[in-house]
Amino acid sequence: MDMSISEVRSVAVLTGAGVSAESGVPTFRGPGGLWHNHRPEDLATPHAFHRDPRLVWEWYDWRRGLIGACQPNAAHHTLTAMESHWDDFVLVTQNVDGLHRLAGSRTVVELHGNLWRMRCTRGCHRAWEDRSVPLTDIPPRCPECGALARPDVVWFGESLPEEALLAALAAARRCQLMLVVGTSALVQPAASLPLAALQSGAYVVEINPQPTPLSDRVHEALREPAAVALPRWWRNWTAEGNR
Ligand code: BJW
């Protein structure tokens, strides 16, 4: 790595669907991606949910079944190991699969929510964890007030959770090193986080087998699957005497 590694006190990581690909979780874009067979506007917008909550819940029920059978891979585990190395380490994820926490990561900022949580669509504002697979009732209802429940995720056109977005932006602006792992860097505002890090002078490494709109801007682009590239990058780092 070109920068002086002893300078690094603060690290931010941005992950996307690609980090979970080798766990068996489908990505969104590209061949085999979820948007290959489904239109996002039919399934991942407030309008789609309003029009047909059952259809949207059936899709989430299918994904919950699929993801519930997946385990964290070497990339998730490497990020967990990295967390214990730095006092200031923030893992920002666009993923809703919960695999970073399952791998043991603690400082996880979930920008797009979590598919193992539901929330009430009416006034009671309740949010709760529900890990049942398959769901017993589709669409599920709020246990408090009986209103329709929705997945506690962020759909297109919706604002990201304010606290999570602020934490992610702050981490991007103060980090000296940012790893961008397995994201197409197309969806805003997440895709702007590496740009904020670059603007603040951070060294940015992208890990993705495919180029993205970010690739020309980063300091290093590792064109390999995350479960291969990330453990090796970490091994090289520690071998350079940075323990
Ligand atoms: C591997 C690999 C391996 C494969 N190893 N890598 C300009 C500014 C601001 C906003 C917008 C804007 N233009 C448009 C917008 C709106 C929109 C947006 O960004 N649209 C773009 C598509 C153009 N953004 C929004 O609506 C957001 N809200 C918002 O902006 O609020 C403010 C606002 C409100 C109202 C009006 C206007 C503004 C919300 C975005 C919510 C995204 N939601 C989803 C679904 C979440 C729930 C669910 O899962 O069901 O989030 S969509 C989907 O995309 C999901 C992902 O988190 C997100 C990002 O995808 P990701 O993770 O990058 O996955 P992929 O599949 O795209 O890429 C995978 C990558 O992995 C690929 O590059 C592979 O090569 C790679 N890979 N194997 C490493 N083994």
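Right above here is the structure, for reference.
Reference entry: report on the structure contained in this document. (Residues numbered from 1 in each chain as written. Predicted model: local features only at pLDDT ≥ 70, side-chain atom pairs only at ≥ 80, totals over all residues. Heavy atoms only, no water.)

**Structural notes on the site of the ligand**
Inference 1: The environment of the ligand is made up of 33 residues, and the closest members are Arg-29, Tyr-60, Arg-63, Thr-183 and Ser-184.
Inference 2: In the model, an oxygen atom of the ligand is placed 3.2 Å from a nitrogen or oxygen of the Gly-182 main chain.
Inference 3: Gln-188 is positioned such that a nitrogen or oxygen atom in its backbone is 2.7 Å from an oxygen atom of the ligand.
Inference 4: In the complex, the protein chains occlude 73% of the 1500 Å² of accessible area that the ligand would expose alone.
Inference 5: In a pocket analysis with a 2 Å cut-off to the grid points, the ligand is assigned to the largest pocket.
Inference 6: Among the residues forming the shell around the ligand, the class breakdown is 16 nonpolar, 13 polar and 4 charged. (Near = heavy atom within 4 Å. Polar contact = N/O pair within 3.5 Å; in protein donor to acceptor, adjacent residues only side chain to side chain. Areas by Shrake-Rupley, 256 points an atom, 1.4 Å probe, with all protein chains shown as cover. 1 Å grid on protein atoms, 1.4 Å probe; cavity = no way out; pocket = protein on both sides within 12 Å on 5 of 7 lines; lining within 4 Å. Sits in = over half its atoms within 2 Å of the grid points. Nonpolar A, V, L, I, M, F, W, Y, C, P; charged D, E, K, R; others polar.)

**Observations regarding the sheet that holds strand β4 (residues 113–120)**
Strand pairing in a sheet relies on backbone hydrogen bonds, with the paired strands running either antiparallel or parallel.
Inference 1: Strands sit in the order β5-β4-β6 across an open sheet of 3 strands; the sheet is antiparallel. In this open sheet, the two edge strands, each paired with only one partner strand, are β5 (127–129) and β6 (149–153). Recorded for the sheet is a direction-independent mean angle of 40° between the axes of neighbouring strands.
Inference 2: Pairing between β4 and β5: 3 bridges, direction antiparallel. Bridge pairing links Arg-117 to Glu-129 in β5.
Inference 3: Seen against the sheet, helix α4 (residues 53–68) touches β4 and β6 and runs at an angle of roughly 140° to β4. (Pairing = 2+ DSSP bridges. Helix = DSSP H or I, 4+ residues; strand = E, 2+ residues; numbered from the N terminus. Axes fitted to C-alpha atoms, helices over the stretch in contact; angles between N-to-C directions. Contact = heavy atoms within 4.5 Å.)

**Thoughts on the sheet that holds strand β1 (residues 10–15)**
Inference 1: If you walk across this open sheet you meet the 6 strands as β3-β2-β1-β7-β8-β9, and the pairing is parallel. Looking at which strands have only one partner, the edges of the open sheet turn out to be β3 (108–110) and β9 (220–222). Averaged over neighbouring strand pairs, the angle between their axes works out to 15° when direction is ignored.
Inference 2: As paired strands, strand β8 (residues 203–207) and β9 are joined by 3 bridges and run parallel to one another. The residue of β9 that forms the bridge with Glu-206 is Ala-221.

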